[in-house]
Amino acid sequence: MAAAGLEGQVALVTGASRGIGAVIARRLAQEGASVAVNYQSSEEAARQVVQSITDGGGEAAVMAGDVSQEDSANTLVKQVLEQWGRIDILVNNAGITRDRLLLRMTPEDWDRVLEVNLRGAFLCTKYVMPHLIRRRQGRVVNISSVVGLGGNPGQANYAASKAGLIGFTKAVAREVASRNITVNALAPGFIDSGGMVDQMTEEARNLALSRIPMARFGSADDVAEGVVFLCSPGAAYITGQVLTIDGGMVG
Ligand code: NAP
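Residues numbered from 1 in each chain as written. Predicted model: local features only at pLDDT ≥ 70, side-chain atom pairs only at ≥ 80, totals over all residues. Heavy atoms only, no water.

Caption draft 1: Inspection of the sheet that holds strand S4 (residues 89–92) at higher detail. In spatial order, the strands read S3-S2-S1-S4-S5-S6-S7; together these seven strands make up an open sheet with parallel pairing. Looking at strand neighbours, the two that pair on one side only are strand S3 (59–64) and strand S7 (242–245), the edges of this open sheet. For this sheet, the mean inter-axis angle between neighbouring strands, taken without regard to orientation, is 20°. Direction of pairing for strand S5 (residues 138–143) relative to strand S6 (residues 181–188): parallel, over a ladder of six bridges. Within the sheet, the bridge partner assigned to Gly138 lies in S6 and is Ile181. Contacts between helix H3 (residues 70–84) and the sheet are confined to strand S1 (10–13), strand S2 (34–39) and S3, with S3 contributing the most and set at about 150° to the helix. Helix H4 (residues 107–135) rests against S1, S4, S5 and S6 of the sheet, and its axis sits at about 175° to S4. (Pairing = 2+ DSSP bridges. Helix = DSSP H or I, 4+ residues; strand = E, 2+ residues; numbered from the N terminus. Axes fitted to C-alpha atoms, helices over the stretch in contact; angles between N-to-C directions. Contact = heavy atoms within 4.5 Å.)

Caption draft 2: Spatial organisation of the site of the ligand. Around the ligand, the surrounding shell holds 30 residues, and the nearest of these are Ser17, Ser41, Ser42, Asn93 and Tyr158. Here Ser42 contributes a side-chain N or O atom positioned 2.5 Å from an oxygen atom of the ligand. Here a nitrogen atom of the ligand and a backbone polar atom of Val67 are 3.0 Å apart. Those elements giving two or more residues to the shell around the ligand turn out to be helix H1 (19–30), S2, H4 and helix H6 (156–176). A per-class count over the shell around the ligand returns twelve nonpolar, 14 polar and four charged. (Near = heavy atom within 4 Å. Polar contact = N/O pair within 3.5 Å; in protein donor to acceptor, adjacent residues only side chain to side chain. Nonpolar A, V, L, I, M, F, W, Y, C, P; charged D, E, K, R; others polar.)

Caption draft 3: Examining the nonpolar core more closely. Residues Ile24, Leu28, Val37 and Val227 are the most contacted members of the largest nonpolar core, which totals 35 residues. Within the residue set of this core, elements represented by two or more residues are S1, H1, S2, helix H2 (43–55), S4, S5 and helix H8 (220–231). The contacts of Val227, once residues within four sequence positions are left out, are Ile24, Leu28, Val91, Val141, Ile143 and Leu186. The next biggest cluster of nonpolar side chains, apart from the first, holds 30 residues, and it includes Ala61, Leu76, Cys124 and Val183. (Core = buried A, V, L, I, M, F, W, Y, C linked by side-chain atoms within 4.5 Å. Buried < 20%, exposed > 50% of the residue type's maximum accessible area, 1.4 Å probe, protein only.)

Caption draft 4: Up close: the pattern of salt bridges. By the definition in use, this model includes nine salt bridges. Measuring nitrogen to oxygen at the nearest pair gives 2.7 Å for the salt bridge that ties Glu43 to Arg47. Here the residue Glu43 and the residue Arg47 both occupy positions in helix H2, the gap between them amounting to four residues, near one helical turn. The partner of Asp222 in a salt bridge is Arg216, and the shortest N-O contact between them spans 3.1 Å. The exposure class of Asp222 is partly exposed, given its relative accessible area of 26%. Note on Arg216: relative accessible area 43%, which makes it partly exposed. Sharing partners across several salt bridges, the network here consists of Arg27, Glu31 and Glu225. (Salt bridge = Lys/Arg side-chain N within 4 Å of Asp/Glu carboxyl O.)

Caption draft 5: Broad picture of the pairing of S5. For S5, the buried fraction is high: six of the six residues fall into the buried class. Here S4 runs beside S5; their pairing, made up of four bridges, is parallel. Considered in S5, the bridge of Ile89 is made with Arg139. Handedness of the S4-H4-S5 crossover: right-handed. (Right-handed = clockwise from strand over helix to strand, strands pointing away.)

Caption draft 6: Broad picture of the packing of aromatic side chains. If you walk through the whole model with that rule in mind, you get one aromatic pair. Ring centres of Phe190 and Phe217 lie 6.0 Å apart, and the angle between their planes is 65°; this geometry places the pair in the edge-to-face category. One end of the pair, Phe190, is in the loop between S6 and helix H7 (202–210); the other, Phe217, is in the loop between H7 and H8, with 27 residues separating them in the sequence. With respect to burial, Phe190 and Phe217 carry one shared label: buried. Its guanidinium or amino end placed over the ring of Tyr127, Lys126 lies 5.7 Å from that ring's centre, counting from NZ or CZ. (Phe/Tyr/Trp six-rings, centres within 6.5 Å; stacked < 30°, edge-to-face > 60°. Lys NZ or Arg CZ within 6 Å of the ring centre and 35° of its normal.)

Caption draft 7: Quick look at the side chain of Asn184. Relative to the helices and strands, Asn184 is located in strand S6. For Asn184, a relative accessible area of 2% corresponds to the buried category. Here the side chain of Asn184 touches Ile238 through a polar contact of 2.9 Å, landing on its backbone oxygen. The residues touching Asn184, leaving out its near neighbours within four places in the chain, are Val140, Val141, Asn142, Thr169, Leu230, Ile238, Thr239, Gly240 and Gln241.

Caption draft 8: Here's a closer look at the packing of H3 against H4. Two elements in contact, H3 and H4, have axes whose closest approach is 9 Å; the angle formed by their N-to-C orientations is 40°. When the axes of H3 and H4 are compared, the pair comes out oblique. Relative to H4, H3 is oriented so that their crossing is right-handed. When H3 is examined against H4, the residues Glu70, Ala73, Asn74, Leu76, Val77 and Leu81 are found in contact with a partner set consisting of Arg119, Leu123, Cys124, Tyr127, Val128 and His131. For the contact of H3 with H4, the residue count by class is eight nonpolar, two polar and two charged. (Parallel < 35°, antiparallel > 145°, perpendicular 65-115°, else oblique. Left-handed = near helix turned anticlockwise from the far one by under 90°.)

What follows is the structure, given as structure tokens:
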């Protein structure tokens, strides 16, 4: 069901070894893109994502690299270019949490979350951008969060990183719009992708559900559809935007 016209395009999805990133990688491949499946430490899981894509007739390759390290982000982009000779789509999805209330949050908790979630997106975008500019086309999709819009107790570091990602999105969108490159953010709400929502107590799950007008958690597929849309030809005139995918929660 390739409807987004991504045949022949090359996508780099950071943090694609599991969760939302893995589903984004599979969906972009279904739409015809060749996909670089980045991971930091879960090599076997990343290989399985690639295997599932190639089993379905798509093209993909694993690409290791800690996005928060300048050398490794630079090398990651070079690897994609060596493999396919071009790059069209960057999805900055890699992200971590280190949740603690402010008074207990250590500077290390703060720094690591900002390093991966915000510096990582900066570095990957910085090293991909010259190639998008040269070819006068490209799509960057940054995976932010509703927490970056509304905050959440225990997540000052994560909220700051995701709000920062929105500012980053809007600034870079303005810098590169004249080169036919769009830069947008997605702000997912509660996504049941095998991570955070799984670890919630029943009480916390029920409280969360009561705040979602659609009365269900989102799926990784719900987020991946947003990415596919923003990468499709139909979204060519949309840039600097934040699309919430949260069942109506933020309003
Ligand atoms: P997840 O299941 O924890 O997966 C995180 C991915 O990021 C893994 O592939 C992990 O790879 C990778 N990663 C972590 N640190 C990295 C680094 N330094 N360099 C490269 N890759 C790294 O997360 P998720 O729940 O799918 O979330 C994906 C994104 O959506 C995140 O940005 C998250 O903040 C955002 N989000 C999630 C939700 C939700 O409800 N799940 C809601 C809103 C926004 P390794 O396993 O190899 O470390």
